[in-house]
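Residue-level structure breakdown
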Amino acid sequence: MNNPQTIDVLIVGAGPSGSALAIDLVRRGLDVRIVDRSPHAFDGSRAKGIQPRSLEVLEDLGALDDVLAGGDIYPKLGLHAGPIGVPWKMFPHKEATPDVPYPNTWLIPQFRTDRALHARLGELGREVEFGKALTELTQDEDTVVATVVGADGGEEIVARYAVGADGGSSAVRKQLDIGFAGTTDESDRVLIVDASVSGLARNRWHMWPGLGGKLIGACPLPHSDMFQWMIRLTPDEKPPQEIGAIIDRIHSHTRNRHIQLHDIQWKSVFRPNIRLAKHYGRGRVFLVGDAAHVHTPAGAQGLNTGMQDGYNLGWKLGQVLAGADPALLGTYEAERQPIAAGVLGLSTEKWGGIAKLDPSSMKRGKDEQQLALTYFGGPLAPADGMRTGTLRVGDRAPDARLLGADGAETRLFNLLQGPHFTAIAYGPDAARDLELLDWPTTGAQLKRLTVGPAAGDGRAFSDPKNTLHSAYGLTGDTLLLIRPDGYIGHIATRDFLTTTQAAVRAMTPQTRSRTMSQLSQPRHAYPGSGAIE
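Rules used in this analysis
Residues numbered from 1 in each chain as written. Predicted model: local features only at pLDDT ≥ 70, side-chain atom pairs only at ≥ 80, totals over all residues. Heavy atoms only, no water. Helix = DSSP H or I, 4+ residues; strand = E, 2+ residues; numbered from the N terminus. Buried < 20%, exposed > 50% of the residue type's maximum accessible area, 1.4 Å probe, protein only. Contact = heavy atoms within 4.5 Å. Areas by Shrake-Rupley, 256 points an atom, 1.4 Å probe, with all protein chains shown as cover. Pairing = 2+ DSSP bridges. Right-handed = clockwise from strand over helix to strand, strands pointing away. Axes fitted to C-alpha atoms, helices over the stretch in contact; angles between N-to-C directions. Parallel < 35°, antiparallel > 145°, perpendicular 65-115°, else oblique. Left-handed = near helix turned anticlockwise from the far one by under 90°. Nonpolar A, V, L, I, M, F, W, Y, C, P; charged D, E, K, R; others polar. Salt bridge = Lys/Arg side-chain N within 4 Å of Asp/Glu carboxyl O. Polar contact = N/O pair within 3.5 Å; in protein donor to acceptor, adjacent residues only side chain to side chain. pLDDT = per-residue confidence, 0-100. Phe/Tyr/Trp six-rings, centres within 6.5 Å; stacked < 30°, edge-to-face > 60°.

Here we come to the overall build of the protein chain. Secondary structure assignment for the protein chain yields 14 helices and 29 strands. Within the protein chain, the proportion of its 533 residues that are buried is 57%. For the protein chain, the proportion of contacts with a sequence separation of at least 24, taken over those separated by at least 6, is 71%. Total accessible area on the protein chain is roughly 21600 Å²; 52% of this is exposed by carbon and sulfur atoms.

Pasting the structure below:
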């Protein structure tokens, strides 16, 4: 434990939230370690729904192909009342559009999502360090010191920042002594079982509701013979453990003795915690995912909200480590905590409705897809800012189809992909001022795009099908600044240069010299420095 080298960021917890954050930080050139107390990657199906907004995040992080390969569209529900099964469309199937490339919730067991993220992290040259549990965490003005214990003994890790992504029972949150307000209903328990199954059609997500909130559900897991079973236990019921007892419990409720379980891959008893951390961090340590908020499983919100926590925090850590005002990190809690509070309300309402056999609680729509989540009115998206016909500052930046100078079509999301900011100038006046926009030489770079009727250089694009014009609600010259996490950082429909420059200052390094404490540390070659021309 003598004189450990200082790294940029330590992440504790290698689930989807921590892994997504690690990918984002590593691609920024940061020195990152990610540790997890488990001896190996998670094996269960647990959180199995990836929402459209999260699919866009995964595309940007470079993990989408594996996630798409490991999953499928959700099947219809099959609601069983005795021998009768009624098909019920839980998710309205939608076709992709130029502004929403992934309109449908994706069914994939969590262990495949985890492995897709870990594989992407490996491509970037980092591996999860499993079997290392956090036992102590201290910090001062400049660093965080974490003690982790593994099979080889204890180790001190010194980092400039640390992030707890270690679940609802987060050791990091407990070390910070941050309150976790909410409820845990010990009488409301669900046995979740991943098992190979015969005697049950795989073209339905089967549900057998019962009076008093009794419920058994069986969702087919793609590309396997397994189902995820959800067996809602009665308040005094002891969860069945052996496969025979679990089969008997299923038979007694479903009255279908054709169903057979042949092999149990994973099982767990779930209690619907509904909790939200009082703060999303303290000092140089932050919380993401279940460490900051836990939900009921209804609506497939927890995993998605957690990944997007990391996606919001990642670029801000990168900017502050490159010299931006540390106040930028305060916007993480300000933006993400209200999102989690709203999601908690949504998932709790859905869960309660399922217990009451309310059919509307089984429907899923735009509220769950997270495409409409916005930071409007927050510290980086003032409510008095300019707007377009369809967008406000803080809204998600839609996709669009553009033509390059060479006549080849490209998606706007392909141009946004990466750890940089993007500025889009629509119209000649906005394009002129974009050329004059000053951008720092450190931190995330700026990609400058001009869109108009003509293409005179490699940066110019046209919008012949009006997909950008329509999705972005453009009515005249407009300068748009898009943050690295795909949200609108600034909209200028007039005073393009002065207003955009003011917005830039809040999100970028403004000093050209490093502080004395920074000078004592090794300099990193941040790939996001400078500007893309």
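Moving on, we get to the side chain of Thr388. Relative to the elements of secondary structure, Thr388 occurs in the loop between helix H9 (366–369) and strand E22 (401–403). Apart from the residues lying within four places of it in its own chain, the contact partners of Thr388 are Tyr472, Gly473, Leu474, Thr478 and Ile491.

Attention now goes to the pairing of strand E24 (residues 421–426). In terms of burial, E24 is largely enclosed, as six of its six residues are buried. Residue alternation in E24 divides its side chains into two sets, Phe421, Ala423 and Ala425 and Thr422, Ile424 and Tyr426, and both sets are buried. Note that E24 and strand E25 (residues 446–451) share six bridges and pair parallel. By the bridge assignment, Tyr426 is partnered in E25 with Val451. Since E24 and E25 lie parallel, the crossover through helix H11 (residues 428–436) that links them has a hand, and here it is right-handed. The pairing of E24 with strand E27 (residues 478–482) spans five bridges and is classified as antiparallel. Note that in E27 the partner of Ile424 across the bridge is Leu480.

Okay, the pairing of strand E1 (residues 6–12) next. For E1, the buried fraction is high: seven of the seven residues fall into the buried class. Across six bridges, E1 lies against strand E11 (residues 153–164) in parallel orientation. Residue pairing across strands places Val12 opposite Gly164, the latter belonging to E11. Here four bridges tie E1 to strand E2 (residues 32–36), and the two strands are oriented parallel to one another. Residue pairing across strands places Leu10 opposite Arg33, the latter belonging to E2. Read as a crossover between parallel neighbours, the route from E1 over helix H1 (residues 16–26) to E2 is right-handed.

Another aspect to go through is the packing of H1 against helix H4 (residues 110–123). Running from amino to carboxyl end, H1 crosses H4 at an angle of 20 degrees, the nearest separation of the two axes being 9 Å. As judged from the angle between their axes, H1 and H4 are roughly parallel. Judged by the twist between their axes, the crossing of H1 over H4 is left-handed. Contact residues: H1 offers Pro16, Ser19, Ala20, Ala22, Ile23 and Val26, while H4 offers Gln110, Asp114, Leu117, His118, Arg120 and Leu121. The class makeup of the residues in the contact of H1 with H4 is seven nonpolar, three polar and two charged.

What follows concerns the packing of helix H2 (residues 52–61) against helix H7 (residues 302–321). The interhelical angle for the contact between H2 and H7, taken along N-to-C directions, is 40 degrees, at an axis separation of 10 Å. Considering their axes alone, H2 and H7 lie oblique with respect to each other. For H2 against H7, the interelement crossing comes out left-handed. In contact with Arg53, Ser54, Val57, Leu58, Asp60 and Leu61 of H2, H7 contributes Asn304, Met307, Gln308 and Tyr311. Grouping the amino acids of the contact of H2 with H7 by side-chain chemistry returns five nonpolar, three polar and two charged.

Strand order in the open sheet made by the three strands is E12-E18-E21, with antiparallel pairing throughout. Looking at the sheet topology across the chains shown, the edges are occupied by strand E12 (180–184) and strand E21 (293–294). Pairing of E12 with strand E18 (residues 273–277) involves five bridges; the strand directions are antiparallel. Paired with Phe180 across the two strands is Ala277, which belongs to E18.

On to the pattern of salt bridges. All told, the structure shown has 25 salt bridges when counted by the stated rule. As a salt-bridge pair, Arg33 and Glu129 come within 2.7 Å of each other at their nearest N and O atoms. Within this pair, whereas Arg33 is found in strand E2, its partner Glu129 is found in strand E8 (residues 129–130), the two being separated by 96 residues in sequence. Per residue, the accessibility class of Arg33 equals that of Glu129, and both read buried. Between Arg53 and Glu56 there is a salt bridge, and its shortest N-O distance comes to 2.7 Å.

Our next topic: the environment of Tyr472. With respect to the helices, strands and loops of the structure, Tyr472 is situated in the loop between helix H12 (467–471) and E27. A residue is classified by how much of its surface remains accessible, and Tyr472, at 0% relative accessible area, is buried. Sequence spacing of Tyr472 and Arg387 is 85 residues, and the spatial spacing of their C-alpha atoms is 9.7 Å. With near-sequence residues (within four places) excluded, Tyr472 lies in contact with Thr388, Gly389, Thr390, Leu391, Ala397, Pro398, Leu412, Leu480, Ile482 and Ile488. At 2.6 Å, the side chain of Tyr472 forms a polar contact with the backbone oxygen of Pro398.

Now for unusual backbone geometry. The phi dihedral of Gln370 is positive, around 65 degrees, even though this residue is not glycine. Secondary-structure assignment places Gln370 in the loop between H9 and E22. Backbone geometry places Asn466, a non-glycine residue, at a positive phi of 60 degrees. Tracing the sequence through the fold places Asn466 in the loop between strand E26 (460–461) and H12. Among the residues examined, Asn466 registers a relative accessible area of 41% and is labelled partly exposed.

Our next topic: the confidence of the model for the protein chain. Averaged over every residue, the pLDDT of the protein chain is 89; the share at 70 or more is 87%. Overall, residues 454–458 carries pLDDT values under 50, and its contacts beyond four positions in sequence, including any with other chains, amount to four contacts. Counting contacts from residues 512–533, a segment whose pLDDT is below 50, to residues more than four positions away or on other chains yields 51 contacts.

Let us look at the sheet that holds strand E3 (residues 49–50). Strand pairing in a sheet relies on backbone hydrogen bonds, with the paired strands running either antiparallel or parallel. With antiparallel pairing, the three strands of this open sheet are ordered in space as E3-E7-E4. The sheet is open, and its two borders are formed by E3 and strand E4 (72–73), each paired with just one other strand.

Attention now goes to the packing of aromatic side chains. This structure, assessed with the given rule, holds ten aromatic pairs. With a centroid separation of 6.4 Å and an interplanar angle of 35 degrees, the aromatic rings of Tyr161 and Phe286 are classed as tilted. With Tyr161 in strand E11 and Phe286 in strand E20 (residues 285–287), this pair connects stretches of sequence that are 125 residues apart. Both rings, one in Trp315 and one in Phe421, keep their centres 5.6 Å apart while their planes meet at 85 degrees; by these two values the pair is edge-to-face.

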